[in-house]
Amino acid sequence: MAKVTRDDVARLAGTSTAVVSYVINNGPRPVAPATRERVLAAIKELGYRPDRVAQAMASRRTDLIGLIVPDARQPFFAEMAHAVEQAASERGKMVLVGNSDYIGEREVHYLRAFLGMRVSGLILVSHALNDNAAAEIDAWDARVVLLHERPEAIDDVAVVLDDLSGAKTAVEHLLGHGYPYVACMGGTADTPSVGDPVSDHVEGWRRAMEEAGLPTEGRLFEAPYNRYDAYQVALGVLSGPDRPPAIFCSTDDQAIGLLRAARELRIDVPGELAVIGFDDIKEAALADPPMTTIASDRSAMARAAVDLVLDDGLRVAGSRRERLKVFPSKLVVRRSCGCD
């Protein structure tokens, strides 16, 4: 049986092969609805399947978007990756996911691999983009959108949350309950001081405390972002003689580890300890007690990142304000903070 070609589809639909291409690729030129329906009907009747490899060779681009995240095992990044995949699917693209594990060389490895595959664009969630990774992006003249974080090494289009404002709101909410002070579970010693959400969370906590006339010295605890290591840190903090009355955690995963430590030490939350997290992962609502946290619209952020990385105008020079899309954060009140 002869292979069905694009010419066959065009003949049956009574149109040109170029119009068939526009329908299949959803552009670059618009197609009248009636014509589009004829083309789709012809494709279905003939059982035509586009040769994606040939298309990629001709255009030097694939229908793939590369997504590099620090650790997809962490719920926040898993939910973000899922949101990117859904947004990409709406644009007719598929997503390749790589985990850098917070290691610069692994990030460079995935950059080279994905860019070598001629992905349509690259969405990068980078903990601390190094110079090698930045050079790799420049060498390929790649379409890159930074998501969630904006490291100093690269000045590309970024989609981020107003992390500082969200953290400040969380701490102010705890202070509004009357707690004498709020401690903070921040990042680790290697957390970047600029462009990293956790550094902004710590700064938001610091500003809220200072504006309330409260000292911050000795009230910031370093902890990894994941619940397992944060749990170990929390055991030490909560077992000490100066147990904080309230703690703001830079991630929900840290807060979940903190709640587990409090439960083991028979510390009542929120009766003896108030807790607020950040991210509003799905588990936050199921925590014991349900966790007050700061939420972001990850679906909207993912859609914005996908739209930007596929837009022809992505690499047009513009001001920093035009190249930075900031989404608002929102306080989600549950029981862990002391609210009924």
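These numbers were taken from a predicted model, which means no experiment stands behind them.

### Looking at the pattern of salt bridges
- Tallied over the full model, the rule gives 16 salt bridges.
- A salt bridge links Arg227 to Asp253; the nearest nitrogen and oxygen atoms lie 2.6 Å apart. Residue Arg227 is found in helix H10 (residues 227-239), and its partner Asp253 is found in helix H11 (residues 252-264); the two are separated by 26 residues along the sequence. For the residue pair Arg227 and Asp253, the accessibility class agrees, reading buried in each case.
- Among the salt bridges present, the one from Glu264 reaches Arg260, with a minimum N-O distance of 3.0 Å. With a gap of four residues between them, Glu264 and Arg260 both fall in helix H11, about one helical turn apart.
- Among the residues examined, Glu264 registers a relative accessible area of 39% and is labelled partly exposed.
- Among the ionic contacts, a cluster of salt bridges with common partners joins Lys168, Glu172 and Glu211.

### Details of the environment of His201
- Within the element layout of this structure, His201 appears in helix H9 (residues 197-211).
- Residues His201 and Ser250, 49 residues apart in the sequence, show an inter-C-alpha distance of 5.9 Å.
- Ignoring anything within four residues of it in the chain, the contact list for His201 reads Asp163, Ala167, Phe248, Ser250 and Phe278.

### Concerning unusual backbone geometry
- The omega torsion of the bond from Val269 to Pro270 falls at 15°, within 30 degrees of zero and hence cis.
- Within the secondary structure, Pro270 is located in the loop between H11 and strand S9 (274-276).
- Of the consecutive residues Asp288 and Pro289, the connecting peptide bond is found in the cis state with omega at 0°.
- Although it is not a glycine, Arg118 sits at a positive phi angle of roughly 60°.
- If you trace the backbone, Arg118 turns up in the loop between helix H6 (104-116) and strand S3 (121-124).
- Backbone geometry at Asp280 places phi at a positive 55°, although glycine is not the residue there.
- As for its placement among the helices and strands, Asp280 is situated in the loop between S9 and strand S10 (293-295).
- Taking relative accessible area as the criterion, Asp280 reaches 18% and is therefore assigned buried.

### Details of the nonpolar core
- Of all hydrophobic cores here, the largest spans 72 residues; its most connected members are Ile123, Leu147, Val182, Ile247 and Phe248.
- Per-element accounting of this core gives the leading share, eight residues, to helix H5 (residues 75-90).
- Those residues in contact with Ile123, other than ones at most four positions away along the chain, are Ile65, Gly66, Leu67, Ile68, Val84, Val145, Leu147, Ala305, Val306 and Val309.

### Description of H6
- Here H6 is 13 residues long and its end C-alpha atoms lie 18 Å apart, about the 18 Å a rise of 1.5 Å per residue gives.
- Here H6 has its buried residues at Glu107, Val108, Tyr110, Leu111, Phe114 and Leu115. Mapping the buried residues of H6 onto a view down its axis gives an arc of 165°, with all of them on the same face.
- At the C-terminal side of H6, Arg118 shows a positive phi close to 60°.

Thresholds applied
Residues numbered from 1 in each chain as written. Predicted model: local features only at pLDDT ≥ 70, side-chain atom pairs only at ≥ 80, totals over all residues. Heavy atoms only, no water. Salt bridge = Lys/Arg side-chain N within 4 Å of Asp/Glu carboxyl O. Helix = DSSP H or I, 4+ residues; strand = E, 2+ residues; numbered from the N terminus. Buried < 20%, exposed > 50% of the residue type's maximum accessible area, 1.4 Å probe, protein only. Contact = heavy atoms within 4.5 Å. Core = buried A, V, L, I, M, F, W, Y, C linked by side-chain atoms within 4.5 Å. Expected span 1.5 Å × (residues − 1). Arc of directions from axis to C-beta.

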